[in-house]
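Chain by chain, the residues run as shown.
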Amino acid sequence: MAEETQKPEAAAAAAAAAPAEEVVVEKPEVTEKEPTPPAAQPEPEAPEKPATAAVVEEKETEVEAVEVDKPKVEEKESKITQSVSFKEETNIVAELPEPQKKALEELKHLIQEALNKHEFTAPPPPPPAKEEEKPVAVEKKEEEEKKEEKKEEKEEEKPVAAETSEAPKIETEEKAQVSEKVETEAPAPVEVKEEEKTPPPTEAPAAETVVETKVVEKVTAVDDDGAKTVEAIEESVVAVVTPPAEKQEEKEASSSKEAEAGVEEPKEAEVPPPPPEEVSIWGIPLLVDERSDVILLKFLRARDFKVKDAFTMIKNTVRWRKEFGIERLLDEDLGNELDKVVFMHGHDKEGHPVCYNVYGEFQNKELYQNTFADEEKRSKFLRWRIQFLEKSIRKLDFSPSGISTIVQVNDLKNSPGPTKKELRQATNQALNLLQDNYPEFVAKQVFINVPWWYLAFNRMISPFLTQRTKSKFVFAGLSKSAETLFKYIAPEQVPVQYGGLSREGEQEFTVADAATEVTIKPSTKHTVELPITEKCHLVWELRVVGWDVNYGAEFVPSAEDGYTVIVSKTRKVTPADEAVICDSFKTGEPGKVVLTIDNQTSKKKKLLYRSKTKPYSD
């Protein structure tokens, strides 16, 4: 459950120090990055008041809840603090603002291109630092090579120039010899002498070749020996002369046509491109239906709707899931030793599943050693935490109008504290993984039984958290934990160990039976009347958070001449007694059952009760 959080080194170091820092899929949100118990994901929000006071204030927002008891003076209770109240945005595309719609479409376009090119399965590019170093070295080498080439060219130009200047001399000498032989053997070719005397035009060496060819033909008619000599000379001259420009163009044209023909042939033989790859996250294929829009919106919100950043985050998450072996991890048996450390229980008032992270369980030295003693055990714990989170996410509803986030409750009572090095290491590891790969999965981070030192720690790291992340945090001290939970979770959904009515095993009441909450003022007596209109069997259960009150129950018949029946004799109930009182009464006449709770203390108390009638049976 990952929360969008900034991850400066200072924040990471601080996160390691707190056993309570678990990452929920954010979200949490981020960072919805979700906290994990020893690897708990939430990044707490820093209070503005002293650590011993327990009050956390957030600017610009609704009242959220939080009080922390002072370490020594228990009588003084802190006031409810004000903090930014986080409200989940809609996942229905039609209801999104236009900029967000545009960002979502751009992200879908980038993902589709990546799927077509199989970029999600391609290995990640090399680190940018190394890439920058290489071009510098290459450029230096290229510059050196260019300098060497220039030197060589200069050296070569001199002998070439000499050769070209000697070439015409050789030609003229050879021509002169030819003309002498022609004169002695045939007086007719005077024209040849004139042509030979006139220097061949430098601009058209091809014309010179044609003239010499004619001479060869005439000489051949006169004398075979002369022809042979001229032919030999002609061959030597032709070897030096460049071919005509027209012929060169024809050759180039023919070669280019051949090249084009060669390129066209493979095109015809090309195999059609492979189909786009299929990529799924949390069991949902990307770009298949509207559920994938909900997932893409999580990544966009984690990156403030910066499309390229969100796209990079998705690609990295897909690669990490393959490297970590998420699909195989779901089927692994990692034991049940940590079932009491992290567990899901009930839903909040808005329907979010609730995950409880109980750090106090690590006070058990044997459990602590078995979980964090060495790197191998910490790695196993990390895999167990990721497996637990993955299974929880698979149960969420990713439809646009569904519930796709989790509420995290982090119990810091008896937490080992920041001195446990192994716990800090595991926490940091889990925190980083959840922040990077599980964005926006935390709807709320509730910290209960918060010790004074944790508020001091939270105050230290608060500057490194985004306002969005901090708006999801709620803190409560020991005396306010149950009251804070009831603000977000109905009492019948809260586990009995945290002040609620939910218990394991078969009970008379279920979570479907709503409970009533009443606040009893200090030094006052409160009564609850349960009416009975017919012959029936009345059943009720009640609880006073923290107890330390007097309780009694009696039946008062509606008939004037009826007798009051004591159902439960008044007695003092202490916190050490039963957490929830269950009672019942059978009657064949109408009337009412009156429950009396006498709070003689100087503190207000929270009363929870519910009742129902059953058919009367003898």
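Just so it is clear, the model here is predicted, and its values are computed rather than measured.

S.K.: Would you take a moment to explain the packing of helix α2 (residues 98–116) against helix α8 (residues 290–302) for this structure?
M.R.: When two helices pack together, their arrangement is captured by the angle between the axes and the distance separating the axes. Direction vectors running N to C along α2 and α8 enclose 105°, while the axes themselves pass 10 Å from each other. Here α2 is positioned roughly perpendicular relative to α8, judged by the angle of their axes. The segment α2 lies against α8, with A103, L104, L107, K108 and I111 engaging D293, L296, L297 and L300. Residue composition of the contact of α2 with α8, by class: seven nonpolar, no polar and two charged.

S.K.: How should the sheet that holds strand β7 (residues 406–411) be read in this particular structure?
M.R.: Whether parallel or antiparallel, the strands of a sheet pair through hydrogen bonds between backbone atoms. Strand order in the open sheet formed by five strands is β5-β6-β7-β8-β9, with mixed pairing between adjacent strands. What marks the edges here is a single partner per strand, and that holds for β5 (342–347) and β9 (473–475). For this sheet the average axis-to-axis angle between neighbouring strands, irrespective of direction, equals 20°. As defined by bridge partners, β5 adjoins strand β6 (residues 353–358) across four bridges and the pair is classed as antiparallel.

S.K.: Sorry, what's going on with the sheet that holds strand β11 (residues 524–532) here?
M.R.: Taking strand neighbours across the sheet as the criterion, the four strands line up as β11-β16-β13-β14 in an open arrangement whose pairing is antiparallel. With one partner strand each, in any of the chains shown, β11 and β14 (565–573) form the two edges of the open sheet. Adjacent strand axes in the sheet meet at a mean angle of 15° when their direction is disregarded. Bridge count between strand β13 (residues 549–557) and strand β16 (residues 591–599): eight bridges; the pairing is antiparallel. Pairing of V556 across the sheet is with K592, part of β16.

S.K.: Is there a simple way to think about the confidence of the model for the chain in this case?
M.R.: The predicted model of the chain has a mean per-residue pLDDT of 74, with 62% of residues at 70 or higher. Ignoring residues within four places in sequence, the model shows residues 130–138, a span with pLDDT below 50, making one contact including any to other chains. A low-confidence stretch, residues 156–243 stays under pLDDT 50, and its non-local contacts, those more than four residues away or across chains, total 47 contacts.

S.K.: Please explain helix α14 (residues 452–461) as it appears in this structure.
M.R.: One full turn of an α-helix is made of 3.6 residues, so residues set three or four places apart face in the same direction. Listed in full, the buried residues belonging to α14 are Y454, L455, F457, N458 and I461. Taken around the axis of α14, the buried residues stretch over an arc of 160°, which confines them to a single face.

What counts as what
- Residues numbered from 1 in each chain as written.
- Predicted model: local features only at pLDDT ≥ 70, side-chain atom pairs only at ≥ 80, totals over all residues.
- Heavy atoms only, no water.
- Axes fitted to C-alpha atoms, helices over the stretch in contact; angles between N-to-C directions.
- Helix = DSSP H or I, 4+ residues; strand = E, 2+ residues; numbered from the N terminus.
- Parallel < 35°, antiparallel > 145°, perpendicular 65-115°, else oblique.
- Contact = heavy atoms within 4.5 Å.
- Nonpolar A, V, L, I, M, F, W, Y, C, P; charged D, E, K, R; others polar.
- Pairing = 2+ DSSP bridges.
- pLDDT = per-residue confidence, 0-100.
- Buried < 20%, exposed > 50% of the residue type's maximum accessible area, 1.4 Å probe, protein only.
- Arc of directions from axis to C-beta.

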